[in-house]
Amino acid sequence: MTGQVRTVDGRVAGRRGQATRQKLLDCLSEMLRSSPYRDVKVIDVARKAGTSPATFYQYFPDVEGAVLEIAEEMAKEGAGLTELVAGRSWVGKAAWQTAEELVEGFLDFWRSNDAILRVIDLGAAEGDKRFYKIRMKILGSVTTSLTEAVKELQSKNKVDKDVNPAAMAGSLVAMLAAVASHQKGFQTWGVKQTEIRPNLALLVHLGITGKKPSK
C-alpha cells in the first residue's frame with residue numbers, strides 16, 4: 001500500500017513504484033527457481049522485469065538485498081506452520097492425524113518455497129546472520145509449539161519425564177527440514193514421494209508421544 005514502501009534513499013514509493021518493485025521481486029523469485037543464486041545478476045532481473053538496472057537500484061542495494069526481502073515475506077508465511085501444531089491433540093487417534101497434517105503442511109510449504117529456502121540454507125550455512133535469523137524464524141514457531149506439546153503430555157504423565165521437550169522438538173523439526181529439502185533426492189534411493197509422508201509422520205508421532213500411532 002502507498003506510504004509503506006520506500007526506495008533505497010528513503011523516498012516513499014507511489015503505486016507505480018510499488019508495482020515495479022513487486023515485479024522485480026517476482027522476476028527474481030522466478031529466476032531463482034532455474035538459476036543458481038550466485039549466477040543471478042541485477043541486469044538480468046531488470047531485463048526480465050522490463051526495466052533498467054538503475055530502477056532496480058532504486059529499490060534494492062543489490063540482488064542479495066532483494067533476496068532478503070523475498071525471504072522475509074516467506075518467513076511470515078512460514079510462521080503459520082505453527083497452526084498445524086498449536087492447540088492440536090497428541091492423544092489417541094487424533095495424534096496420528098496431527099502428525100500427518102504437520103508433515104504434509106511442512107513438506108508442501110518447503111516444496112512451494114524451495115528456491116528461496118535453498119538460498120536461505122546456503123546463506124545460513126555460510127554464516128550470514130541475516131539468513132540464519134530468517135531460517136530460525138521459520139523453524140522456531142513449529143519448534144516452540146512441539147515443545148509445548150511434549151510438556152503438556154509430560155504434565156499428564158503420558159511422556160517420560162526424562163525426555164527434554166526442547167531437544168526432542170528441535171530434533172524433529174531439524175529432521176523435517178532436512179527431509180523437506182531433500183524430497184527429490186529420495187527418488188535416487190527408490191523411495192516414492194507418497195512413501196515419505198507416512199513414514200515421516202510415524203517418526204514425528206513416536207518422537208512426541210513415545211508410542212506407536214493408533215490409526
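Residues numbered from 1 in each chain as written. Predicted model: local features only at pLDDT ≥ 70, side-chain atom pairs only at ≥ 80, totals over all residues. Heavy atoms only, no water.

**Observations regarding the packing of aromatic side chains**
Quick reminder of the rule: Two rings belonging to Phe, Tyr or Trp (six-membered ring only in the last case) form a pair when the distance between their centres is within 6.5 Å. Interplanar angles under 30 degrees mark stacking, angles over 60 mark edge-to-face geometry, and anything in between is tilted. For each residue, the accessible area found with a 1.4 Å probe, counting protein chains only, is set against the maximum for its type, and the residue is called buried under 20%, exposed over 50%, and partly exposed in between.
Summed over all chains, the structure comprises five aromatic pairs. Arranged with centres 5.7 Å apart and planes meeting at 85°, the rings of Phe 56 and Tyr 57 form a pair that is edge-to-face. For Tyr 57, a relative accessible area of 43% gives the class partly exposed. Where Phe 56 meets Phe 60, the ring centres are 5.3 Å apart and the plane angle is 50°; that geometry is what we call tilted. For Phe 60, a relative accessible area of 1% corresponds to the buried category. Ring-pair connections join several aromatic residues into one group, and the members of that group are Phe 56, Tyr 57 and Phe 60.

**Considering helix H5 (residues 92-112)**
Along an α-helix, residues three or four positions apart point the same way, because every turn accommodates 3.6 residues. Note the threshold: Counting from the N terminus, the helices are the DSSP runs of H or I reaching at least four residues and the strands are the DSSP runs of E reaching at least two. To estimate how far a helix should extend, the number of its residues minus one is multiplied by 1.5 Å. Whether two residues are in contact is decided by their heavy atoms: any pair within 4.5 Å suffices.
The end-to-end C-alpha distance of H5 is 31 Å, a good match for the 30 Å that 21 residues give at a rise of 1.5 Å each. Every buried residue belonging to H5 is among Ala 95, Trp 96, Thr 98, Ala 99, Leu 102, Val 103, Gly 105, Phe 106, Leu 107, Phe 109 and Trp 110, and all of these are buried. Elements in contact with the buried residues of H5: helix H4 (63-78), helix H6 (114-125), helix H7 (129-155), helix H8 (165-181) and helix H9 (193-209).

**What about the layout of surface pockets?**
The condition that has to hold: Only protein atoms enter the calculation, which uses a 1 Å grid: trapped sets of points that fit a 1.4 Å probe without letting it out are cavities, open sets showing protein on both sides within 12 Å along at least five of seven lines are pockets, and any residue with an atom within 4 Å of a point is a lining residue. Grid points are joined across faces, edges and corners, and a volume is the space filled by probe spheres set on the points. Polar here means any residue other than Ala, Val, Leu, Ile, Met, Phe, Trp, Tyr, Cys and Pro, which are nonpolar, and Asp, Glu, Lys and Arg, which are charged; Gly is therefore polar.
When its volume is computed, the largest pocket comes out at roughly 370 Å³. Lining the largest pocket we find 18 residues, and of these Leu 25, Ser 29, Ile 70, Glu 73 and Met 74 sit closest to its centre. Counting only elements with at least two residues in the lining of the largest pocket, the list comes to helix H1 (15-32), H4, H5 and H6. Residue contributions to the lining of the largest pocket peak at six residues, all from H1. The residue makeup of the lining of the largest pocket, split by class, is six nonpolar, four polar and eight charged.

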